[in-house]
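One letter stands for each residue in the lines below.
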Amino acid sequence: MRVPRPSLSGVLRSPAVLLLLTSIVPVSVLAQECTAGNAPHGAWLYDVTDEAHPRLISEDPADPARTRLNVPDGFNYTWDTISGHSPSQDTHCGIANPAHCRDAGVYPPSLTPQDPPPDPNVQPPLPNVGKNSFCNQGGRFGAHSSTELFYPPYYGKLAIVSWFVGGVRVFDIRNPDAARPIAYFIPAPNDTGCGPRGGPSPGPGCTFANTGRDNHMVNTIHTNNVELDDRGYIYIADRAGTGMHILRLAGEARGAVSGDAGRGEQEASDDPPLPDYPPYGSHVPTAHFDHTVRPQLIPPPPKMMCPVLSASCTDVRPAQSAWNMELVGYDTLDGRSTYQPLVVRQGNRYIAYMAHHAGTAINRLTLASETNGTSILDVTYSAHPVYLAHIPGPGGSLDAAGNQMAHVCSGDILPSNSPAEAARKHGHYYLLRSNGNSSGTANPGAESHQIFDVTDPAHPVLLTTVAPQLTNTHKNWWECDTGIAFLVANDSSLASPRPGLAPGWHQSGSNQHVKIYNLRDPANPEYIRDFGFVGQQPNVGDAVEGLVSPPTGIHGPISAGKEKNRVYLPYGVGSNAVVEIVDREELLSGCTAADASAHCATSPTQQEMLAPQRGWFTLPGLTLQGGHTSFPIFGEEDGKPRNLLLVVSED
């Protein structure tokens, strides 16, 4: 049976991304955000062709502290401060104009989301004061994550970044030294509840931890993460419970990636080959960069529910707004706060795995109140998603629960050590998900990483727990063609002995490092080693890299696979960011070498921590930025290699 698939020209194309980092700006240092060298709510492109000497590129010529991958307050490439508030409360930098907000800054969440009325003492009246605009929404404004799929038609052409209340932003990076905005989509706040089919809750048992809800009203959307599928559709997930939006590129953004006859048209044909790029395979496409100077585009301002506030129109929220993007499909996800979207081709179906933050909601299929975990949907026909199942997660607060990350591999792609093992896995699909987030001072911890058999996605079956009694689990990465999995977690010092127990690691801020397993046979995980940034190892040496000691914890690694032999590790999450580039093979084999120390896997020496390192760098803004996502783009320019890294912090 063939499932109709849109041609490439009819689908949004997804970009190949340079290493992108997003960061959270602590309130205590907001007043320092406008000082020299600091770059708020941004994403960066680095040239890492010379890994030992990474170089920041795409600076904004009007302000070297920013790059062309920043979104200005007004979405119109002007920078303004927030209306009527002191610099210590200002979340943005730019022209000193404290008396008015213009069209697009964003207040901190604690401030009332409404522009001040016109001041009769100011003559002539300042423009836009008293009007409803994007600057009065409240909530978080800034980059958070980029797409992580090495999808060939988009790779090295577009960078797609989630921007919290700014929705999803798309940048043209074909000329990475002159990147430019080219598209955006901002969903309208959707007052979905946590009752059946996302409707209002029929009673108690419905919580929205840290989602901005008040009596089930969404004050503002928070686009948390963004991802692609191999048809080029773009999926965004909302932290405030507004659901899943399925998008495609339009207009000039679609034109930026069209015309890829070869491989791109094959991907969109009725019988496309299986993806062979990371994380499904090791073939990394080659990006082709140019020097073309394209016009810098000015994004239009977002639409508002009530452009002018009045007694009859009081809704201060944005309406759905789009520029060079189109909405294809939607699902409420039962109003659950969502972190990571993942869409996988399983046979002739496309299955979405939506990884949730903590909370509870009503499962539309069973009408039972369930703690948030993983929602599974069939999105083969993107305009009509079909909800298949919800795998509940652990209970607890936003920082202690939820199942925020998911990866899926086919048993036919995972390698096998015997014909019997291959036969046992044939036709099966496996979901790897983080289970819980942080149990704080609990010892042993309550978190883990789990593997489910999702061959029948409507009836997932728990297969195994990779490592129990962990703390601070988060973004994992699973290489389907090798089985190697990079799991983010920390070990409790009082956990009972088990393979891979590695207590005593050091970190500041986010207490996380990497635990590496071979999951080629998902039913029988094989521990390889623990790893992190030098100074995190239990027996700390004298080497100090980065901004603080001990170093900040990791957020989520990305492997470029065995072909490129590199793994990219961003540390810091919300502050003191460091990005590390390591040799993948040396990382994986370092503890089996003849000269490896006796406890290399769980407690490596300083030299064993430094051995696979090929480069590292800190982000602009120093303490203000944290490493969230680091996505590599391997390419060429003028016939010579040119490799980039898209780095996103978390505002």
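A brief structural summary. Computed from a predicted model, the values in this text were never measured in an experiment.

1. Re the overall build of the protein chain
Tallying secondary structure elements over the protein chain gives six helices and 38 strands in all. Within the span of the protein chain, comprising 651 residues, buried residues form 63% of the whole. Considering only contacts within the protein chain whose residues lie at least 6 apart along the sequence, 68% involve residues at least 24 apart. As displayed, the protein chain has an accessible area near 21,800 Å², and 55% of this comes from carbon and sulfur atoms.

2. Describing the sheet that holds strand β34 (residues 566-571)
Read across the open sheet, the four strands follow the order β33-β34-β35-β36; overall the sheet is antiparallel. The sheet is open, and its two edges are formed by β33 (558-559) and β36 (613-618), each paired on a single side. Two strands pair when backbone bridges link them, and β34 and strand β35 (residues 578-583) are joined in this way by six bridges, in the antiparallel orientation. When the sheet's bridge partners are listed, tyrosine 568 is paired in β35 with isoleucine 581.

3. What about the state of the cysteines?
Taken as a whole and judged by the stated rule, the model has three disulfides. The side chain of cysteine 306 participates in a disulfide bridge whose partner is cysteine 313; the two sulfur atoms lie 1.9 Å from each other. Every disulfide takes its handedness from the sign of the S-S torsion; for cysteine 306 and cysteine 313 that torsion is -95 degrees, giving left-handed. Each sulfur of the disulfide joining cysteine 409 and cysteine 480 lies 2.0 Å from the other. What sets the handedness of the cysteine 409 and cysteine 480 disulfide is the S-S torsion sign, and at about -85 degrees it is left-handed.

4. Re the side chain of asparagine 476
Counting through the fold element by element, asparagine 476 comes out in the loop between β28 (470-471) and β29 (477-478). Not counting the four nearest positions on each side in its chain, asparagine 476 is found in contact with Met405, Ala406, His407, Leu432, Arg433, Ser434, His449, Phe486 and Leu487.

5. Description of the nonpolar core
Taken as a class, soluble globular proteins show a tendency for nonpolar side chains to be buried jointly. Formed by 114 residues in total, the largest nonpolar core has its most connected members in Tyr46, Leu249, Met325, Tyr353 and Phe486. At six residues, strand β30 (residues 484-491) tops the list of elements feeding residues into this core. Counting 14 residues, the second largest nonpolar core, distinct from the first, contains Tyr235, Ile246, Val328 and Met354.

6. A short note on the side chain of glutamine 536
With respect to the element layout, glutamine 536 can be found in the loop between β32 (526-531) and β33. On the accessibility criterion, glutamine 536 (0% relative accessible area) is buried. A polar atom in the side chain of glutamine 536 sits 3.3 Å from the backbone oxygen of glutamine 512. Non-local contacts of glutamine 536, meaning those with residues more than four positions away in its chain, are made with Trp505, His506, Gln507, Gln512, His513, Pro551, Thr552, Gly553 and Tyr571.

7. Looking at the pairing of strand β26 (residues 448-453)
In terms of burial, β26 is a largely internal element, six of the six residues being buried. In this structure, strand β25 (residues 429-435) lies alongside β26, joined through six bridges in antiparallel fashion. Within β26, the position partnered with asparagine 435 by the bridge is serine 448. Where β26 and strand β27 (residues 461-465) come together, four bridges link them in antiparallel fashion. By the bridge assignment for β27, phenylalanine 452 is matched with leucine 462.

8. A look at the environment of glutamine 404
Of note, glutamine 404 is situated in the loop between β23 (386-391) and β24 (406-410). For glutamine 404, a relative accessible area of 5% translates into the label buried. Separated by 3.3 Å, the side chains of glutamine 404 and histidine 474 make a polar contact.

9. Considering the pattern of salt bridges
All told, the structure shown has 27 salt bridges when counted by the stated rule. The residue arginine 642 makes a salt bridge to aspartate 47 at a minimum N-O spacing of 2.8 Å. Taken together, the residues span a long stretch of sequence, with arginine 642 in strand β38 (residues 640-649) and aspartate 47 in strand β2 (residues 43-47) at a distance of 595 residues. Overall, the relative accessible area of 8% leaves aspartate 47 in the buried class. A salt bridge links aspartate 334 to arginine 364, with the shortest nitrogen-to-oxygen separation between them at 2.9 Å.

10. Side note on the sheet that holds strand β22 (residues 374-378)
Judged by pairing direction, the sheet is antiparallel, and its four strands sit side by side in the order β18-β19-β22-β23 without closing on themselves. The open sheet terminates on both sides in strands that have one partner only, identified here as β18 (338-346) and β23. Across the sheet, the mean angle from the axis of one strand to that of its neighbour is 20 degrees, orientation sign disregarded. Direction of pairing for strand β19 (residues 349-356) relative to β22: antiparallel, over a ladder of five bridges.

11. Overview of the packing of aromatic side chains
What characterises a pair of aromatic rings is the spacing of the ring centres plus the angle enclosed by the ring planes. For the coordinates displayed, the defined rule picks out 11 aromatic pairs. Summarising the aromatic geometry, the rings of phenylalanine 533 and tryptophan 616 are spaced 6.0 Å apart at their centres and angled 75 degrees between planes, so their arrangement reads as edge-to-face. Note that phenylalanine 533 is positioned in the loop between β32 and β33 and tryptophan 616 in strand β36, a separation of 83 residues in sequence. Residue classification places tryptophan 616 among the partly exposed residues on the basis of a relative accessible area of 31%. Taken together, the aromatic side chains of Phe150, Tyr155 and Phe631 make up a single cluster linked through ring pairs.

Cut-offs used in this document
Here, residues in each chain are numbered from 1, in the same order as that chain's written sequence. Reporting of local features is limited, given that this is a predicted model, to residues whose pLDDT is at least 70; pairs of side-chain atoms are given and counted only at 80 or more, and all residues count toward the totals for whole chains, interfaces and linings. With hydrogens and water set aside, each side-chain value is computed from the structure's full complement of heavy atoms. Here a strand is any run of E in DSSP of at least two residues, a helix any run of H or I of at least four, and the numbering for each starts at the N terminus. For every residue, the accessible area (1.4 Å probe, protein chains only) is compared with the maximum for its type, and the residue is labelled buried under 20%, exposed over 50%, or partly exposed between those bounds. Every residue pair with non-hydrogen atoms within 4.5 Å of one another is taken to be in contact. Note that accessible areas follow from Shrake-Rupley with a 1.4 Å probe, and for residues the cover is restricted to the protein chains shown. Strand pairing is assigned whenever DSSP identifies at least 2 bridges connecting the two strands. Disulfides are defined as cysteine sulfur pairs within 2.5 Å. Nonpolar cores are built from buried Ala, Val, Leu, Ile, Met, Phe, Trp, Tyr and Cys residues. Side-chain atoms within 4.5 Å join them into one set. N or O atoms within 3.5 Å of each other form a polar contact, as long as, within protein, one can give a hydrogen and the other can take it, and as long as residues adjacent in sequence are counted only when both atoms are side-chain atoms. Basic side-chain nitrogens of Lys or Arg form a salt bridge, by our definition, when they fall within 4 Å of a carboxyl oxygen of Asp or Glu. Lines fitted to C-alpha atoms define the axes, with helix axes restricted to the stretch in contact, and inter-axis angles between N-to-C directions lie between 0 and 180 degrees. Here is the rule: rings of Phe, Tyr and Trp (six-membered ring for Trp) pair when centre to centre is within 6.5 Å. Planes less than 30 degrees apart are stacked, more than 60 are edge-to-face, and the remainder are tilted.

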